[in-house]
There are 2 protein chains.
Amino acid sequence: MHLSADDLVKTLRERSLRITKARRAICEVLATSHEEHMSAADILERARVRAGVAIDQSTVYRTLDVLEEFGYLHHVHLGHGAGVYHLSEESDHQHLVCEHCGTSVEIPLEELAPVLASVTARYGFVAEGVHFALVGTCESCAK
Amino acid sequence: MHLSADDLVKTLRERSLRITKARRAICEVLATSHEEHMSAADILERARVRAGVAIDQSTVYRTLDVLEEFGYLHHVHLGHGAGVYHLSEESDHQHLVCEHCGTSVEIPLEELAPVLASVTARYGFVAEGVHFALVGTCESCAK
DNA sequence: TTTCGTGCAAATTGTTTGCAATAGA
DNA sequence: TCTATTGCAAACAATTTGCACGAAA
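Described below are features of the structure shown in this document. For clarity, every value in this text was computed on a predicted model and none was experimentally measured. (Residues numbered from 1 in each chain as written. Chains lettered and ligands numbered in written order. Predicted model: local features only at pLDDT ≥ 70, side-chain atom pairs only at ≥ 80, totals over all residues. Heavy atoms only, no water.)

Looking at the sheet that holds strand β2 (residues 73-76) of chain B
Operational definition: In this description, strands pair whenever DSSP reports at least two bridges between them. Helix and strand definitions follow DSSP, with helices as H or I runs of at least four residues and strands as E runs of at least two, each counted in order from the N terminus.
In spatial order, the strands read β1-β3-β2 (chain B); together these three strands make up an open sheet with antiparallel pairing. The sheet terminates laterally at β1 (38-39) and β2 of chain B, the two strands that pair on one side only.

Spelled out as C-alpha cells, the structure:
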C-alpha cells in the first residue's frame, strides 16, 4: 500500500504543522511518483508546476526534512551529484545473518534500495531483496 | 597484495605523466593508509605535511582523478558530505545470480560499499560482501 | 625547450541559514 | 491574533575550471 498525498498532509496536520500550498504540492509530487528517485531539484520543479505559485528550494529542503524526520521519506546519495528522495514503502525487510552466532537482524528493505536500484540501472539485473540474506558478523560477535 | 607508492608512481611514469612532488606525496599518502577511507581534504592535509611544500586542493582532485581513471583508486559518496577515496584492492567481486537461468554476473564489490557501510554504521553489522550473492532476475530473463 | 602540471582564484553545484514579510490556525 | 512558514539572498561545503607561471622530461 502506498502513501497518498492526503496521508502525508494528514500527518503534518496531526503534528500541528501548517498546511501550505508549497507543502501540499510537495506531498503530491512525492505521492504521485512513488517508485521514482527524485532529486530536490526535480521535486522543486514539479511542485512549482503543480502549485502554480513560487516555491523556493529552501522550502523544498525544509519540507523534505520534516517528512524525513517523521519517517515518511528517505534520501540517499547514490553515486555523485544530488541526493535522491523517495517515500518510505511498507516495511519489507531484509535479513542480516551473523555467521558466527546465527543471530539475524532485520533491516528495512528500503535501506538496500539504493544499491539495488543502481545495480538494476547498471547491469539490467533486477535484484530481489527478499530472496537473499546479508551474511556477516554481528555487533557482539565482532568484539 | 597492496599497492605501494612506488607502484603508483611507476604507473604514472609508464604513461609518460610527470612525477611531481605533489603527485608523489599523494601516492605515498594513499599507499600508507591502505584500509582507510579518506576524503580529498584528508589526503590534501597529509600530502602537504609529507611533501613539505604547498599543494592545492585542485591538484589533489586532479591527481585522484588520474589514478581513478587508471583503476588504481576508487571513491564513493557514503552518506552525506565529502566522498572518500581508497586504493583498489584485489578485485573482490560480488555475484548477481539469476534465479531463472542461473547465469551469474560479477560486479565490483565496491559497488555495494555504500550500503554495506551504512548497514555497519546503523546496525553494527559487518557485512561480508564476498559471502553472499544477490539473487534476482537478469536482463534477458526479464523480457 | 617544450609541454605538462601547478597554485591561485573564481565558478559551479548542492544544501543550509538568517531574516523580515506573510499567511495558516 | 499569533507564530509557523515562506521567499529571498547570502553563506556554506565539495568539487571543478581557466589561466599564466614554473618545472619535469
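Concerning the sheet that holds strand β1 (residues 38-39) of chain A
Residue and element names in this part refer to chain A. Read from one edge to the other, the open sheet built from three strands follows the order β1-β3-β2, with strand pairing classed as antiparallel. Each end of this open sheet is capped by a strand with a single partner; those strands are β1 and β2 (73-76). Both β2 and strand β3 (residues 84-87) contribute to a ladder of four bridges, which runs antiparallel. Across the sheet, the residue bridging to V76 is V84, located in β3.

Some remarks on unusual backbone geometry
Excluding glycine, a negative phi dihedral is what most residues carry, and trans is how most peptide bonds are arranged. Residues and elements named next belong to chain A. Where we set the bar: Only protein chains enter the accessibility calculation, which uses a 1.4 Å probe; a residue is then buried when its area is under 20% of its type maximum, exposed when over 50%, and partly exposed in between.
Positive phi is not limited to glycine here, since S16 has a value of about 50°. Inspection of the secondary structure puts S16 in the loop between α1 (5-14) and α2 (21-31). Under the relative-accessibility criterion, S16 is labelled exposed at 63%.

Focus: the environment of G81 of chain B
Position of G81 of chain B relative to the elements: it lies in the loop between β2 and β3 (84-87). Taking the C-alpha atoms as reference points, G81 of chain B and S39 of chain B, separated by 42 residues in sequence, lie 9.4 Å from one another.

Details of the packing of helix α3 (residues 40-51) of chain A against helix α4 (residues 57-69) of chain A
Residue and element names in this part refer to chain A. How we decide: Axis definition: a line fitted to C-alpha atoms, limited for helices to the stretch in contact. Angles are taken between N-to-C directions and run from 0 to 180 degrees. Here the word oblique covers every angle except those under 35 degrees (roughly parallel), over 145 (roughly antiparallel) and from 65 to 115 (roughly perpendicular). Each crossing is labelled by how the near helix is turned from the far one, with a counterclockwise turn of less than a right angle marking it left-handed and a clockwise turn marking it right-handed. Here, two residues are considered to be in contact whenever any of their heavy atoms come within 4.5 Å of each other. Each residue gets one of three labels, nonpolar for Ala, Val, Leu, Ile, Met, Phe, Trp, Tyr, Cys and Pro, charged for Asp, Glu, Lys and Arg, and polar for the others, Gly among them.
Remark: α3 packs on α4, axes separated minimally by 10 Å, with the N-to-C direction vectors making an angle of 110°. Judged by the inter-axis angle, α3 sits roughly perpendicular to α4. Read as a crossing pair, α3 and α4 show a hand that is right-handed. Seen from α3, the contacting residues are A40, I43 and L44; seen from α4, they are Q57, V60, Y61 and L64. A class-by-class count of the residues in the contact of α3 with α4 yields six nonpolar, one polar and no charged.

In short, the description is geometric, and any link to function would need to be established separately.
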